[in-house]
Amino acid sequence: MPEQQQVLVTGGAGYIGSHVCVSLIEAGFTPVVVDNYSNSHEVALDRVTQITGVRPPVYAVDIRDEQRLGEVFAAHDIKAVMHFAGLKAVGESTTLPLEYHGNNVGGSITLFRVMEQHNVRKLIFSSSATVYGDPASVPIKETFPCQVTNPYGRTKLIVEDILRDMSAAPDAQWNTTLLRYFNPVGAHESGLIGEDPAGIPNNLVPFIAQVAVGNLPYLKVFGSDYDTRDGTGVRDYIHVVDLAAGHVAALEQLFQVAPECRVYNLGTGTGYSVLEVVKAFSEASGLEIPYELAPRRPGDIAQCFADPELAWEQLGWRTRRDLKQMMEDTWRWQKRNPQGYRTSES
């Protein structure tokens, strides 16, 4: 693989995008970032530079802006695209479905059109395990049926379907990989980049971290009567640095295989309950995490974890970091940056 291949990273200033930029640079690629900063901070890219010693080219561009996106492609010799840009809150998607479809689906179509105009047909799409809905069994394989239950999940599945259609078109030459990941958590070991959700976090681990740092009073645990080890919901948590490594492995595969559309789960294959995660964070931080048991939320399921074997067999990728390291790295990031990127130590 020739070094310094330029890879467009949409949403590259976000939580996952910024970690992927670090992994790309370390693997010898040059990320070219576009981000509209609707739920991210340019400071994250300053930190990427601090970690790697490389400042990636950055453009404040919305992927729905076809002209400006085309200008970025014209300015760089883009060989592949990693597509992270999108709205991602499940609850919000139920109240703003048009916004979600316009941004996630409409923005993706604009991006794919510009890619075709510039003869770039290698793409890795950031999908989600939410496309599986409530699976009949676990662990979840890539062959399981998709049954989305909210507009956010539907936008992911629609874009997946569009990419499958594009790959199946005669002489299309689209080489695409759909990465369905489970619950990304943790932060870079430096503590310089991590998850910085706007407002009250929607996900468990950043919520726990906000409680630990004193920004929120206690954790509310929704559901304590599931048929699980301790009655609380079980999920597959994956360290964001392992997740980023999975993207690089998928990218390297794209340069070596014939055009088609592939699907991989990125997860650990192990499920942890809410209370097990709370305990692990308490041990990592040395702090008690106050919590309150509450009724189940509509739509929540008892357990969800991946069968990640296909990614191991075809990409040579496997997770390396356990729950203990996920929590230690989350706490290092949160303690160093109690208000996220807005008011943080340098």
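Below is a summary of the structure that appears in this document. On a predicted model such as this, the values are computed, not experimentally measured, just so you know.

Here we look at the packing of aromatic side chains
Alright, step 1. Applying the stated rule across the entire model yields 4 aromatic pairs.
Alright, step 2. Judged by centre distance (6.4 Å) and plane angle (25°), the rings of F29 and F255 are stacked. Here F29, found in the loop between helix 1 (15–26) and strand 2 (30–34), pairs with F255, found in the loop between helix 8 (240–254) and strand 11 (261–266); they are 226 residues apart in sequence, far enough to count as distant.
Alright, step 3. Overall, the relative accessible area of 3% leaves F29 in the buried class.
Alright, step 4. In this structure F255 comes out as partly exposed when scored by relative accessible area, which is 24%.

As for the packing of helix 7 (residues 204–212) against helix 11 (residues 323–336)
Alright, step 1. It is at 10 Å that the axes of helix 7 and helix 11 come closest, and there the two elements cross at 50°. In terms of orientation, helix 7 and helix 11 fall into the oblique class. Crossing of helix 7 against helix 11: the hand is right-handed. The residues of helix 11 that touch helix 7, namely those facing V205, A209, Q210 and A212, are M327, T330, W331 and Q334.
Alright, step 2. A class-by-class count of the residues in the contact of helix 7 with helix 11 yields 5 nonpolar, 3 polar and no charged.

Description of the side chain of S273
Alright, step 1. With respect to the element layout, S273 can be found in strand 12 (residues 272–273).
Alright, step 2. A relative accessible area of 0% places S273 in the buried class.
Alright, step 3. Within the local environment of S273, its side chain forms a polar contact with the side chain of D230, the two groups lying 2.6 Å apart.
Alright, step 4. Setting aside anything within four residues of it in sequence, one finds S273 in contact with R229, D230, T232, G233 and V234.

So, the layout of surface pockets
Alright, step 1. The space that makes up the second largest pocket amounts to roughly 310 Å³.
Alright, step 2. Surrounding the second largest pocket, 18 residues form its lining, S23, V241, A245, R320 and R321 being those nearest its centre.
Alright, step 3. When grouped by side-chain class, the residues that make up the lining of the second largest pocket number 6 nonpolar, 5 polar and 7 charged.

Thresholds, definitions, all that
- Residues numbered from 1 in each chain as written.
- Predicted model: local features only at pLDDT ≥ 70, side-chain atom pairs only at ≥ 80, totals over all residues.
- Heavy atoms only, no water.
- Phe/Tyr/Trp six-rings, centres within 6.5 Å; stacked < 30°, edge-to-face > 60°.
- Helix = DSSP H or I, 4+ residues; strand = E, 2+ residues; numbered from the N terminus.
- Buried < 20%, exposed > 50% of the residue type's maximum accessible area, 1.4 Å probe, protein only.
- Axes fitted to C-alpha atoms, helices over the stretch in contact; angles between N-to-C directions.
- Parallel < 35°, antiparallel > 145°, perpendicular 65-115°, else oblique.
- Left-handed = near helix turned anticlockwise from the far one by under 90°.
- Contact = heavy atoms within 4.5 Å.
- Nonpolar A, V, L, I, M, F, W, Y, C, P; charged D, E, K, R; others polar.
- Polar contact = N/O pair within 3.5 Å; in protein donor to acceptor, adjacent residues only side chain to side chain.
- 1 Å grid on protein atoms, 1.4 Å probe; cavity = no way out; pocket = protein on both sides within 12 Å on 5 of 7 lines; lining within 4 Å.
- Points joined across faces, edges and corners; volume = space filled by probe spheres on them.

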